[in-house]
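Spelled out from the first residue to the last, the chains are:
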Amino acid sequence: MSYAAFLAAALLAFALPLVYAATPDQWRGRSIYQVIIDRYALPEGADPNQCASGSRTWCGGTWNSLRQNLDYIQDAGFTAVWISPVSQNYEGPPTPYGDPYHGYWIADATKLNSRFGTSDDLKDLSDELHRRGMYLMVDIVVNDVMATSITPDLSTYMFKEQSQYHPYCAIDWSNTTSEEQCWLGDTVVPLPDLNTEDPSVVAGFGDWIQSLVKEYSIDGLRIDAAKHVNIGFWPVFCGKAGVFCIGEVFGSDIDDAAIFQGPDSLDSILNYPMYTALLDAFTIPGPQNTSAVADMIAQEATKFKDPTLLGNFIENQDIPRWANLSMDPQTLYNAMVFNFMTDGIPIVYYGQEQGFSGNSDPYNREAMWPSKYANTTTYQLITTLNQFRNFLVNNTQWATTPTQVLTTSPYGIATLKGDCVSIMTNIGSPPQNISIPVYTPYPASTSLTNVLTCQQWPVGSNGTIDAQYSLGGVPLVLYPTVLLQDSGLCGNSEPTTGSTKYVSWAPPVHRPVISLLALLSSVLLGFLSFL
């Protein structure tokens, strides 16, 4: 290279503006709070009584009202927020299934949903999250659009040609091709299925998502109905997005789910197979089968590319609330501890911490404001779990260390991840004269601390811990006392943050990716090399 070329390269390196994108490795250490924008917070002066339970119409939440109420989320220790889709939705009279308050009835993906605010409002939300050291995850719908007949006017959509859609057909749920190409919804509110094998659709979606991510500094995408799109679409789409992609693959079959994680598909998926196992293990009433969880841990370790990137949840907008399925609050606490303290990224659906108990859609999409954002027992548990998990993520190799099962009994399961032992039970709140003996790798007399209560737990002979439930079925999270320094937990000093409020300890948000100026610089260098 000539001296002139070298000098140009050096100057461009200093002048080059960085374009950023959060990596899967950085998302691994996050915890996510999921929000339906319309239902989380009202603008100032709005009527707080206008959103009845089960309502299928607009209640008034906006991007601005979320931004103005982020303290509640950050103070619980969350380091990312997942918001409902931002694209324009159906605009017309109410359907027999109500209005598209949820954001999933896409009209023109390239336009924003004016119900939730303006372009500047969405940018302000993104900027505020990043100012707090938090990530923004946006829900994306590319499988379909919304219509009111099976012969819609395509001129109102992003893609306007008939060839860009699959012909109408009802889904045969026993046929993968049918699941990918036939239409979700029904003949009342059909969801025309986009032909994501068509090169013009692939290119159009790629350009759109690249622009959306850049324009609003989006850190990650949650992809709706991912299994209803041909799997080869995802590497191209997510490559253009340049950010972490986690997909919805609805269903309990682990073999069907696992093919959607990897370089030929998505970075991650929502962990429905483990959700099903948690229902089997912890709900009351329920089968109380803790072996289902141990078996799923073993299967996921061999079938998924990286279980530490899977999205752990027990509630979302498509399933009944946990309290609707299980009558005992201790079952919620134990299942939540599992999701926070084992492999994967914990996700909490808004209102889960308030004990919301709605059944399926629309009753599981309640308004948040009647709760008054109370500091409930569940909120406090989440705050402690987040603080401890964030401490582990940022000071140890905990996030990438695989979970091991130490013990399974009819009454519970014990796991080891890094140096942390977690013991979850399914017995519920009433005291019971039972115990779960757990063999740990720790020498006798090692002092452990239950970070949920700050109680000391000495290790017995042969490394045993005996979890007893004379006070009821509470979860245990045990960690060597000597290692809790600077955790801010159980009397230990706080990490240095410069603030008494919770501040995200996660590593720097972004990795640089190539920009247009970088491309121009390479062209210039090529030209200068001839000088």
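Just above, that's the structure.
Think of each chain on its own: its residues are numbered from 1, step by step along the sequence as written. Only residues with pLDDT of at least 70 are given local features in this predicted model, and only at 80 or more are side-chain atom pairs given and counted; all residues enter the totals for whole chains, interfaces and linings. Note: side-chain values were computed over all heavy atoms of the structure, leaving out hydrogens and water.

**Student:** So what exactly am I meant to see when it comes to the overall build of the chain here?
**Tutor:** In this description a helix means any DSSP run of H or I spanning at least four residues, a strand means any run of E spanning at least two, and both kinds are numbered starting from the N terminus. On a plain count of helices and strands, the chain comes out with 16 helices and 20 strands. Note on exposure labels: buried denotes an accessible area under 20% of the residue type's maximum, exposed denotes more than 50%, and partly exposed covers the range between, all computed with a 1.4 Å probe on protein chains only. Within the span of the chain, comprising 531 residues, buried residues form 57% of the whole. Taking the intrachain contacts of the chain between residues at least 6 apart in sequence as the baseline, contacts between residues at least 24 apart amount to 72%. Calculation of accessible area relied on Shrake-Rupley with a 1.4 Å probe; when residues are assessed, cover is drawn exclusively from the protein chains displayed. Here the chain displays about 21,500 Å² of accessible surface, and carbon together with sulfur accounts for 56% of that area. Whether two residues touch is decided by their heavy atoms; if any such pair falls within 4.5 Å, the residues are in contact.

**Student:** Is there a simple way to think about the pattern of salt bridges in this case?
**Tutor:** Side-chain pairs of opposite charge can arise whenever the charged atoms involved come near each other. A pairing counts as a salt bridge when a side-chain nitrogen of Lys or Arg comes within 4 Å of a carboxyl oxygen of Asp or Glu. Going through the model one piece at a time under the given rule, you end up with 17 salt bridges. Here R132 makes a salt bridge to E128, at a shortest N to O gap of 2.8 Å. Between D343 and K417 there is a salt bridge; the shortest N-O distance is 2.6 Å. On the criterion of sequence distance, the pair formed by D343 in the loop between α14 (329-341) and β11 (345-349) and K417 in strand β13 (residues 412-417) is long-range, its members being 74 residues apart. For the residue pair D343 and K417, the accessibility class agrees, reading buried in each case. The network of salt bridges with common partners includes D71, E128, R131 and R132.

**Student:** It is not clear to me how unusual backbone geometry should be interpreted in this structure. Could you clarify?
**Tutor:** Excluding glycine, residues mostly carry a negative phi; peptide bonds, for their part, are mostly trans. Of note, the amide linkage connecting I284 to P285 takes the cis form, showing an omega dihedral of 5°. Its location among the elements puts P285 in the loop between α11 (272-282) and α12 (291-303). With an omega dihedral of 10°, the bond running from D361 to P362 counts as a cis peptide bond. Mapped onto the elements of the fold, P362 is located in the loop between β11 and α15 (377-395). The residue C454 is not glycine, and still its phi comes out positive at about 70°. Within the secondary structure layout, C454 lies in the loop between β16 (447-450) and β17 (455-458). One non-glycine residue, N462, lies in the positive phi region at around 60°. Its place among the elements puts N462 in the loop between β17 and β18 (464-468).

**Student:** Sorry, what's going on with the nonpolar core here?
**Tutor:** One recurring pattern in soluble globular proteins: nonpolar side chains tend to sit buried together. Residues I73, I83, L221, F237 and F388 are the most contacted members of the largest nonpolar core, which totals 128 residues. When sequence neighbours within four positions are dropped, the list of residues in contact with F388 reads M341, C420, V451, V477, Y479, L484 and L489. For this analysis, a nonpolar core means a set of buried residues of the types Ala, Val, Leu, Ile, Met, Phe, Trp, Tyr and Cys, connected via side-chain atoms within 4.5 Å. Counting residues in each nonpolar core, the second largest holds 17 residues, with L416, I436, V438 and L448 among its members.

**Student:** I would appreciate a short explanation of the side chain of Q261 in the present structure.
**Tutor:** Residue placement: Q261 occurs in the loop between α10 (254-258) and β9 (268-269). Assessed through its relative accessible area of 3%, Q261 is described here as buried. N or O atoms within 3.5 Å of each other form a polar contact, as long as, within protein, one can give a hydrogen and the other can take it, and as long as residues adjacent in sequence are counted only when both atoms are side-chain atoms. A distance of 3.0 Å separates the side chain of Q261 from the backbone nitrogen of K305, its partner in a polar contact. Setting aside residues up to four positions removed in sequence, Q261 forms contacts with L266, D267, S268, F304, K305, D306, L309 and L310.

Remember, this is a structural readout, not a statement about activity or role.
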